[in-house]
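What follows is the residue order along each chain.
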Amino acid sequence: MVRPRIVIVGGGFAGYQAARRASRHARGEVDVALINPTDFSLYQPLLPEVAAGILEPRRIAVPITSTLPRVKLLLGTVGGIDTGQRLVRYVDAENRPAEIDYDRLVITVGAVSKVLPIKGAAEFGHGFKGLPEALYLRDHIVRQVELAAHAPPGERRARLTFVVVGAGYTGTEVATAGHLFTRALARYHRSLRDEPIRWILLHLGQSVLPGLRPSIQRTAERVLRRRGVDLRLGVSVREQTREGVHLTDDTYVPARTVVWTTGVAPDPVAACFGLPMVGGRIEVDEYLAVKGHDHVLAVGDIAAVPDLTRPGEYTGMTGQHAERQGKLAGRNVAASLGYGTAKPYKHRNLGFVVDLGGWKAAADPLGVPLSGVVAKAVTRGYHLMSVPSGRVRIAADWLLDAFLPRQEVQLGLIRSGQVPLASAGPELPHLAYEEPDSET
Ligand SMILES: Cc1cc2nc3c(=O)[nH]c(=O)nc-3n(C[C@H](O)[C@H](O)[C@H](O)COP(=O)(O)OP(=O)(O)OC[C@H]3O[C@@H](n4cnc5c(N)ncnc54)[C@H](O)[C@@H]3O)c2cc1C
C-alpha cells in the first residue's frame, strides 16, 4: 500500500505547525515531507534581541529534524510546482535540481522585506527579516562604536548615528533594543562617555505601530521619547547614500547605519506556482484550500485567507495568524486524506505585544492595555509560550542578560554585501516546470 504523501513548502511559523499537526492527525500513517532552505524554523519576533546581543542566534532557530521526528526535512528552495502532475520542483542544499510528488501540498513560503523605490536604498540599505540581517546588524553596530571611539568628530558623529526607517513593531523594537545596546557598548570607551549616540526612528505615518491599539502606540511613543530616541513622524528617506540619508523634510543626516523596516511583501516565488493570486498572495477559501485546487492549501503570510471575523477582508501577515493557520492546515490536510474532520479558519486577534527594551514593553492581551514591567513579563511570557522549542535556553539568556554586561564582540560571520536589502528571502532559481525530454 503506497502511503499518501503531504509535501509542505516552507518551514517557518505556518509550515512548522502544519507539519507537526499533519503528522499527528494522520497518526504517522502518511508521509510528511517539509522543504525548507534551512534546517531550522526561525522565530522572527525575537530577531531584535539577537541584533542587540541579548539572545544568541541559535536560540530562535528551532531545529526541525529533532523536534519533528516524524517529518522528513528536505533542505532546498522550491522554484516551481506542477499541480497537474502533482510535482514540486526544487533545488537542494547543494544546488542540484530535484523533484518530489505529492498527494497533498501545503504552501507556506511567507514574505520578504518590502524594498521601496528610494534612490540608494537597495544599494546601501539593510533589511531586517532573517538571522543573517540580525547578525550583520549586531556586528555592524559594534564595529561603528569601536571605530567611533578613535575617529575625528565629524566621522564619529556619523558612526554614532543610527537610522531606522519604518516604525512598525519591527522598527520600533530594533530602535529601542539598539539604542540600549549602543549605550552599553559606549560605556567600554572612555572617549565616548559624553558623546551623544543618536537613534533616529523615521515613520511616514502620524503614529508608531500602525494598526495597533492607541494605548500601545502612546506607550511606545512615550518610552521612545523618554529614552532619547529621535522619533520623526511624517518623515521618511528621499535618498540614501554611502554617507547618510536625505530626508523628505529636506534635512540631511550623516549616518553609517540605515535599517529599513518598512514592512513585508508576499514572497514573489508564489507567482511562479500558477495559482490564483490576490495582492501577491495565494487565494484560498476558509478551509485554507486554494481556489480550484482542493489538493493544495496555502497559509501564513503568503496566503490570502478570508477573515471570518471581518467579512470581505483577508487575515493580516502576522505570526499570530500564521501559527494558527499552520495548525489548522495540518488538521485539514489530514482530514482530506480521511483522518478527522476539517474546520474553517476563524481567529479573533488576541492582542499584541511589543518589546521596548530594558524593563519596558507595551501590550494589550485580550484588549487590556499594559505597559512597563508588567507588559514586559507578559511579552516575554508570550514569546516563551509561542516559540516551539528552546525555551530554557532563551530564559537563561534573559537571566544572564539581566545581571551580566552585554558581550561586545563581532562574530564577523556576515559581511554587508551578503545581506543587501533586496535579497531578504531565499535565492530563487526560476525553474519553470519543463517536461523531461524524450531521450532521458
Ligand atoms: C523582526 C520581526 C518581528 C515580528 N514580530 C511579530 C510579533 O511580535 N507578532 C506577530 O504576530 N508577528 C510578528 N512578526 C511577523 C511573523 O514573524 C510572520 O507573520 C510569520 O513569520 C509568518 O509566518 P509564515 O510561516 O507565513 O512565514 P515565515 O515564518 O517567514 O516562513 C516562511 C518559510 O518559508 C521558507 N521559504 C521561503 N521561500 C521558500 C521556497 N521558495 N522554498 C522553500 N522554502 C521557502 C522560508 O525560508 C521560511 O522558513 C515579526 C516579523 C519580523 C520579521
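About the criteria used
Residues numbered from 1 in each chain as written. Predicted model: local features only at pLDDT ≥ 70, side-chain atom pairs only at ≥ 80, totals over all residues. Heavy atoms only, no water. Pairing = 2+ DSSP bridges. Helix = DSSP H or I, 4+ residues; strand = E, 2+ residues; numbered from the N terminus. Axes fitted to C-alpha atoms, helices over the stretch in contact; angles between N-to-C directions. Contact = heavy atoms within 4.5 Å. Near = heavy atom within 4 Å. Polar contact = N/O pair within 3.5 Å; in protein donor to acceptor, adjacent residues only side chain to side chain. Areas by Shrake-Rupley, 256 points an atom, 1.4 Å probe, with all protein chains shown as cover. Nonpolar A, V, L, I, M, F, W, Y, C, P; charged D, E, K, R; others polar. Domains from an automatic or database assignment. Buried < 20%, exposed > 50% of the residue type's maximum accessible area, 1.4 Å probe, protein only. Expected span 1.5 Å × (residues − 1). Arc of directions from axis to C-beta. Parallel < 35°, antiparallel > 145°, perpendicular 65-115°, else oblique. Left-handed = near helix turned anticlockwise from the far one by under 90°.

Engineer: Describe the sheet that holds strand β11 (residues 198-203), with residues and values.
Structural biologist: With respect to topology, 4 strands assemble into an open sheet ordered β12-β11-β10-β16, the strand pairing being parallel. Both edges of this open sheet fall to β12 (230-233) and β16 (257-260), since each of them pairs with a single strand only. If you compare each strand with its neighbour and ignore which way they point, the axes differ by 15° on average. Looking at chain direction, β11 and β12 are connected through 4 bridges and run parallel. What sits directly across from Leu202, in β12, is Arg232. Sheet contacts for helix α7 (residues 169-186): β10 (161-165) and β11; angle to β11, the most-contacted strand, approximately 175°. Packed onto the sheet, helix α8 (residues 214-227) meets β11 and β12 and runs at close to 135° relative to β12.

Engineer: Provide a residue-level description of the site of the ligand, including the pertinent values.
Structural biologist: Near the ligand, the surroundings consist of 32 residues, among which Ala14, Asn36, Val78, Asp301 and Gly319 are the closest. Between Thr318 and the ligand, the recorded distance is 3.5 Å, taken from a backbone N or O atom to an oxygen atom. If the ligand stood free it would expose 1,000 Å²; the protein chains cover 94% of that surface. Those elements that place two or more of their residues in the shell around the ligand are α1 (13-25), β2 (31-36), β5 (71-82), α7 and α9 (319-335). Grouping the constituent residues of the shell around the ligand by class yields 15 nonpolar, 14 polar and 3 charged. Counting contributing residues, the shell around the ligand receives three or more from each of domain 1 (5-113 + 265-347) and domain 2 (121-262 + 351-422).

Engineer: I'd like a rundown of unusual backbone geometry, residues and numbers included.
Structural biologist: Positive phi values are uncommon outside glycine, yet Leu288 reaches one of about 75°. As for its position among the elements, Leu288 is in the loop between β19 (281-283) and β20 (289-290). Among the residues examined, Leu288 registers a relative accessible area of 0% and is labelled buried. Backbone geometry places Leu366, a non-glycine residue, at a positive phi of 50°. Structurally, Leu366 can be placed in the loop between β24 (361-363) and β25 (370-371). Note on Leu366: relative accessible area 72%, which makes it exposed.

Engineer: Give a detailed account of helix α10 (residues 372-386), specifying residues and quantitative values.
Structural biologist: Spacing of three or four residues puts side chains on the same side of an α-helix, whose turn is 3.6 residues. Here α10 spans 21 Å end to end across 15 residues, near enough to the 21 Å set by a 1.5 Å rise per residue. Along α10, the positions that sit buried rather than exposed are Gly372, Ala375, Lys376, Thr379, Arg380, His383 and Ser386. One side of α10 carries all its buried residues, which in axial view fall inside an arc of 130°. Opposite its buried face, α10 presents the exposed residues Ala377 and Met385, each directed more than 90 degrees away.

Engineer: I'd love a proper account of the packing of α1 against α9, names of residues and values included.
Structural biologist: In the contact formed by α1 and α9, the axes pass within 7 Å of each other and the chain directions differ by 30°. Regarding the angle of α1 to α9, the classification is roughly parallel. Here the hand of the crossing between α1 and α9 comes out right-handed. Residue-level contacts link Phe13, Ala14, Gln17, Ala18, Arg21, Ala22 and His25 of α1 to Gly319, Ala322, Glu323, Gly326, Lys327, Ala329, Gly330, Arg331, Val333 and Ala334 of α9. Across the contact of α1 with α9, the residue classes break down as 8 nonpolar, 5 polar and 4 charged.

The values are spatial; any link to function lies outside them.
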